[in-house]
Amino acid sequence: MSHIRLTVLADDTVSARSARGEHGLCFHIEAGERRLLFDTGQGLVLADNARALGVDLGAVDTVVLSHGHYDHTGGLPTVLAAARAPVVVHLHPDALQPKYHGARAIGLPPAARDALNATTCRLLLSREPGEVAPGLFRTGEIPRRHAEETPEEIFHLDPEGQNPDPLLDDQSLFLSTPQGTVVLLGCAHAGVVNILDHVRRLTDNRPVRAVLGGLHLGAASAVRLQWTLDSLRRIAPRLLVPMHCTGPGAIAALWHEFPDACRPGGAGAVFDF
Ligand SMILES: [Zn+2]
Ligand SMILES: [Zn+2]
């Protein structure tokens, strides 16, 4: 497929002097004539960072949301307000469920929920893998095959904490290049190894060239972290960009184990494939 440029529009850190940080994640993707977003961040920095980094949000034709948490979906109103033409929004149906961390609501903010009804929004709900632009695919729901990746941190569907949220909405985006597959993670709530193994099944076991995004390992036990490092050595991506919710201890461990593969993310970072 043709040249792809990824620009980080939101992350917990910054790598461009003109960019601002927030707890959130958003990638802008240029693929031929197509302009896509993978996640939208919280929405606190999206418009300013797009302007500062020379990204035209009005040209975005497609948004793929990794899951329903506010730090990935809160920028939807900004995107849809800027849109000059209808925007296709890909979402797993469970992303619309109420979501809680303790008593705190962390699902789609009300304004993002309203934005899904905007005349510029073409909502596409699916649990399945699918092509979202030529050569760009969403994974759909991720099978949870590795018991090692059972989440330590429990999210719920209710503020009382009665019903655990299995976060089945968690999905990733991937694209094929001649050197292997590039995988974008949201928070990897499904487990990064579950995700990468699923992507390999969907791509005839092609090598994974790059992994960028949140690995959500801040609460991971030492055993899980070591198992994850061992599994990543097996999968052997040549580029590893741990971002957003990965957690400082896990980021340090990844940089220590894979010094040649790791690169910093941060708002303003650009990656060409
Ligand atoms: Zn999340
Ligand atoms: Zn997140």
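So, here is what we can say about the structure in this document. Everything quoted here is computed from the prediction, not taken from an experiment.

Cut-offs and rules
Residues numbered from 1 in each chain as written. Chains lettered and ligands numbered in written order. Predicted model: local features only at pLDDT ≥ 70, side-chain atom pairs only at ≥ 80, totals over all residues. Heavy atoms only, no water. Core = buried A, V, L, I, M, F, W, Y, C linked by side-chain atoms within 4.5 Å. Buried < 20%, exposed > 50% of the residue type's maximum accessible area, 1.4 Å probe, protein only. Helix = DSSP H or I, 4+ residues; strand = E, 2+ residues; numbered from the N terminus. Donors = N, O, S within 2.8 Å, 3.2 Å for Na, K, Ca; no water. Tetrahedral: all angles 85-135°; square planar, octahedral: opposite > 155°, others 65-115°. Salt bridge = Lys/Arg side-chain N within 4 Å of Asp/Glu carboxyl O. Phe/Tyr/Trp six-rings, centres within 6.5 Å; stacked < 30°, edge-to-face > 60°.

1. Some remarks on the nonpolar core
Next up, step 1: Within the largest apolar cluster, 28 residues are counted, with the highest numbers of intra-cluster contacts made by Val183, Leu185, Ile195, Leu196, Leu240, Leu254 and Phe258.
Next up, step 2: Among the elements of the structure, β12 (180-185), α5 (192-202), β13 (208-214), α6 (222-235) and α7 (248-257) are those that each provide at least two residues to this core.

2. A look at the coordination of the zinc ion (ligand 1)
Each donor-metal-donor angle would ideally measure 109.5 degrees in four-coordinate tetrahedral geometry, or 90 or 180 degrees in six-coordinate octahedral geometry.
Next up, step 1: Within the protein, the atoms that donate to the zinc ion (ligand 1) are His67 (NE2), His69 (ND1) and His189 (NE2), at distances of 2.1 to 2.2 Å.
Next up, step 2: Sequence spacing of the donors to the zinc ion (ligand 1): H-x1-H-x119-H.
Next up, step 3: Separating the zinc ion (ligand 1) and the zinc ion (ligand 2) is a distance of 3.7 Å. Taken as a pair, His67 and His69 share a single burial class, namely buried.

3. Thoughts on the coordination of the zinc ion (ligand 2)
Next up, step 1: Within the first shell, the zinc ion (ligand 2) binds the protein through Asp71 (OD), His72 (NE2), Cys187 (SG) and His244 (NE2), at distances of 2.1 to 2.2 Å.
Next up, step 2: Seen from the zinc ion (ligand 2), its four donor atoms lie at angles of 86 to 163 degrees, and the figure they make is irregular.
Next up, step 3: One chain supplies every donor to the zinc ion (ligand 2), and in sequence these donors are spaced D-H-x114-C-x56-H.

4. Section: the pattern of salt bridges
Next up, step 1: Here the structure, examined in full by the defined rule, presents 14 salt bridges.
Next up, step 2: Of the charged contacts in the structure, one is a salt bridge between Asp230 and Arg233, with a shortest N-O distance of 3.5 Å. You can see Asp230 and its partner Arg233 sitting in helix α6, three residues apart, about one turn around the helix.
Next up, step 3: Here Asp230 falls in the partly exposed class, since its relative accessible area comes to 38%.

5. Some thoughts on the packing of aromatic side chains
Next up, step 1: As enumerated under the stated definition, the model contains two aromatic pairs in all.
Next up, step 2: Arranged with centres 5.4 Å apart and planes meeting at 20 degrees, the rings of Phe137 and Phe174 form a pair that is stacked. Taken together, the residues span a long stretch of sequence, with Phe137 in strand β10 (residues 136-138) and Phe174 in strand β11 (residues 173-177) at a distance of 37 residues.
Next up, step 3: Phe174 sits in the buried class, given a relative accessible area of 4%.

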